[in-house]
Amino acid sequence: MEIYKLNNQIDIIKIMKKLKVDSAGISIMKKKANLNFFYLKHIYCGASNILKQDALSIGAELIVPKGSVDCSIQYHDAILICNDKQLEILSNKEKIQPFKLKLLAKFISKFKNNQKFEPKIMGVINANDDSFFSGSRFSGDEAVAQIEKMIEDGAEIIDIGGVSSRPGSEYCGVEEELRRVTPIIKEIYKRNLYQKAIFSIDSFAPKVIDLALNNGFKIANDITGLSNEEVAKVVSNYEAKICIMHMKGIPKNMQNQPYYEDVILEVDEFFNQRIEIALKYGIDDIILDVGIGFGKRLEDNLKLIKHLEHFTHYGYELLIGASRKSMIDMIIPTPVEERLAGTLAIHIESIKNGATIIRCHDVAEHKQAIEVFKAIDEVI
């Protein structure tokens, strides 16, 4: 007998098929191969004692602090560890338990059958002279040529924006925004480019979004996350897709000492509220964007990337956009023009953690990196 250790990220279904495991066995075993970790904040000791016993009874585990068992600590944090099969059992068991364990059951059950999406590249075109990366600024025929190049390089989505949202920037006004983007939008429609790729308008102005959707665009990328319900009305009228992004504050003040008690939970609560607005207007084609760099400290950005999988519980595609952003400079001082390597590291890690739309300036380089990543991922 010879032995070697497998990478724990391996596609276990593929390797079981290679071993010629029968289909019933594959169905059973795949649920035992994936381990889940859930962080439980401020759980009551009575609830944790019940949950720990239920977890132990099926081979799962609840990590708790000293003093939780005898309730000398009434409320505490805990970590639930379970595989997919145990998750399935616990999500049923806890439905009948007291102390808010029904809420736990409802939440963890969302991870039983997560929808899978193939990674897509969203190329960025900025129709302004104020975006933080000069290499993304284009206008007129130059913009159209860049769009065609991005499509050829592998972008499935092109995001057009006429307004800078860099920290400290101020909104130019809807008429100026229209002046910047209208020629590009019209040219995209005239040349039928919307038949070669999906086009997204990066705007929070209903008038601008209406113009774009009326000219072949399919996505409204709203950095204010439907703070204006008129945007929802316009998107609904065209049966288009909405990208809801989280931002604390507005671009002018968003980086003025932002603070979160827990960034994962606060962004999650924001998504809950804004998804409700979208659904109210009949919009169910939704993309979620945690808003890297939009009212976030470095530690917040890193935590969101590390635990991005949390947001897959909604069942929507997740967009990540960290292309050449200042968080890279905070980790290792680097000018904007030299942040491609850091960008690729963040975006590949984000794909591992659940991101499915990568918003970037450098399409060809991202296409190469993603294809190499996928080739490695598919090996068994």
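Structural data are supplied above this passage.
Bear in mind that the values here come from a model prediction, so they are computed numbers and not experimental data.

1. Quick word on the overall build of the protein chain
A count of helices and strands for the protein chain gives 14 helices and 11 strands. Here the C-alpha radius of gyration of the protein chain, 23 Å, is about what a compact globule of 380 residues would show, namely 21 Å. Referenced to the eigenvectors of the C-alpha coordinate spread, the extents of the protein chain come out at roughly 65 × 50 × 45 Å. Here the protein chain holds 380 residues, and 49% of them are scored as buried. The long-range fraction of contacts in the protein chain, counting pairs at least 24 apart against all pairs at least 6 apart in sequence, stands at 68%. Approximately 19,400 Å² of the protein chain is accessible, and the part contributed by carbon and sulfur atoms is 52%. Each charge sign in the protein chain was given a centre, from 49 positive and 53 negative side chains, and these centres are 5 Å apart.

2. Side note on the nonpolar core
Counting residues in each nonpolar core, the largest one holds 73 residues, and the members touching the most others are Ile147, Ile158, Phe199, Ile244, Phe271 and Phe311. Here the element with the most residues in this core is helix α10 (residues 263-280); it accounts for eight residues. Aside from chain neighbours lying at most four places away, what touches Phe271 is Ile244, His246, Leu288, Asp289, Val290, Phe311 and Tyr314. If you look at the next biggest cluster of nonpolar residues, it comprises 17 residues, including Leu40, Leu51, Leu80 and Cys82.

3. Focus on the pairing of strand β8 (residues 241-245)
The element β8 is extensively covered by neighbouring structure, given that five of its five residues are classed as buried. The two faces of β8 match: Lys241, Cys243 and Met245 on one face and Ile242 and Ile244 on the other face are all buried. With four bridges connecting them, strand β7 (residues 219-222) and β8 associate as parallel partners. When the sheet's bridge partners are listed, Ala220 is paired in β8 with Ile242. You can see the chain leave β7, run along helix α9 (residues 229-237) and come back into β8, and the turn it takes is right-handed. Judged from the four bridges that link them, β8 and strand β9 (residues 286-289) form a sheet pairing that is parallel. Within the sheet, the bridge partner assigned to Cys243 lies in β9 and is Ile287. In this view, the connection linking β8 to its parallel neighbour β9 by way of α10 has right-handed handedness.

4. Focus: the state of the cysteines
If you walk through the whole model with that rule in mind, you get one disulfide. Left without a disulfide partner, Cys172 is nearest to the cysteine sulfur of Cys243, which lies 20 Å away.

5. Digging into the side chain of His366
Structurally, His366 is set in helix α14 (residues 363-378). Dropping the residues within four chain positions of it, His366 is found in contact with Ile121, Leu340, Thr343, Leu344, His347, Ile358 and Cys360.

6. As for the packing of aromatic side chains
Per the stated rule, a full pass over the model turns up 11 aromatic pairs. Consider the rings of Phe38 and Phe111, whose centres lie 5.5 Å apart with planes at 70°: the pair is edge-to-face. Taken as a pair, Phe38 in strand β1 (residues 35-44) and Phe111 in the loop between α5 (101-109) and β4 (120-126) lie far apart in primary sequence, 73 residues in all. Residue Phe38 is classed as buried on the basis of its relative accessible area, which comes to 8%.

7. A short note on the sheet that holds strand β6 (residues 198-202)
Spatially, eight strands are ordered β4-β5-β6-β7-β8-β9-β10-β11 in a closed barrel, and the strand pairing comes out parallel. On average, adjacent strands in this sheet sit at an angle of 25° to one another, irrespective of strand direction. Inspection of the sheet shows β4 paired to strand β11 (residues 357-360) by four bridges, in the parallel sense. Residue Met122 lies in a different strand from β11, and its bridge partner there is Arg359.

8. With respect to helix α8 (residues 206-213)
Residues Val208, Ile209, Leu211, Ala212 and Leu213 constitute the buried set of α8. Where α8 is buried, its residues meet α7 (174-190), β6, β7 and α9.

9. Some details on the environment of Thr182
With respect to the secondary-structure elements, Thr182 resides in helix α7. Considered as a pair, Thr182 and Val290 are 108 residues apart in the sequence and their alpha carbons are 28 Å apart. For Thr182, the side chain forms a polar contact with the main-chain oxygen of Leu178, separated by 2.6 Å.

10. Some remarks on the sheet that holds strand β2 (residues 61-63)
Pairing is antiparallel across the open sheet formed by three strands, whose spatial order is β1-β3-β2. With one partner strand each, in any of the chains shown, β1 and β2 form the two edges of the open sheet. Neighbour-to-neighbour, the strand axes of this sheet turn through a mean angle of 25°, independent of strand direction. Across three bridges, the pairing between β2 and strand β3 (residues 75-83) is antiparallel. When the sheet's bridge partners are listed, Glu61 is paired in β3 with Ile81.

11. Side note on the packing of helix α13 (residues 340-352) against α14
Running from N to C, α13 and α14 point in directions that differ by 40°, and their axes come no closer than 11 Å. Compared by their axis directions, α13 and α14 come out oblique. Remark: the crossing between α13 and α14 carries right-handed chirality. Of the residues in α14, those in contact with Leu340, Thr343, Leu344, His347, Ile348, Ile351 and Lys352 of α13 are Glu365, His366, Ala369, Ile370 and Phe373. Classifying every residue of the contact of α13 with α14 by side-chain character gives seven nonpolar, three polar and two charged.

Thresholds, definitions, all that
Residues numbered from 1 in each chain as written. Predicted model: local features only at pLDDT ≥ 70, side-chain atom pairs only at ≥ 80, totals over all residues. Heavy atoms only, no water. Helix = DSSP H or I, 4+ residues; strand = E, 2+ residues; numbered from the N terminus. Rg over C-alpha atoms; globule rule 2.2 N^0.38 Å. Buried < 20%, exposed > 50% of the residue type's maximum accessible area, 1.4 Å probe, protein only. Contact = heavy atoms within 4.5 Å. Areas by Shrake-Rupley, 256 points an atom, 1.4 Å probe, with all protein chains shown as cover. Lys, Arg positive; Asp, Glu negative; His and termini not counted. Charge placed at Lys NZ, Arg CZ, Asp CG, Glu CD. Core = buried A, V, L, I, M, F, W, Y, C linked by side-chain atoms within 4.5 Å. Pairing = 2+ DSSP bridges. Right-handed = clockwise from strand over helix to strand, strands pointing away. Disulfide = S-S within 2.5 Å. Phe/Tyr/Trp six-rings, centres within 6.5 Å; stacked < 30°, edge-to-face > 60°. Axes fitted to C-alpha atoms, helices over the stretch in contact; angles between N-to-C directions. Polar contact = N/O pair within 3.5 Å; in protein donor to acceptor, adjacent residues only side chain to side chain. Parallel < 35°, antiparallel > 145°, perpendicular 65-115°, else oblique. Left-handed = near helix turned anticlockwise from the far one by under 90°. Nonpolar A, V, L, I, M, F, W, Y, C, P; charged D, E, K, R; others polar.

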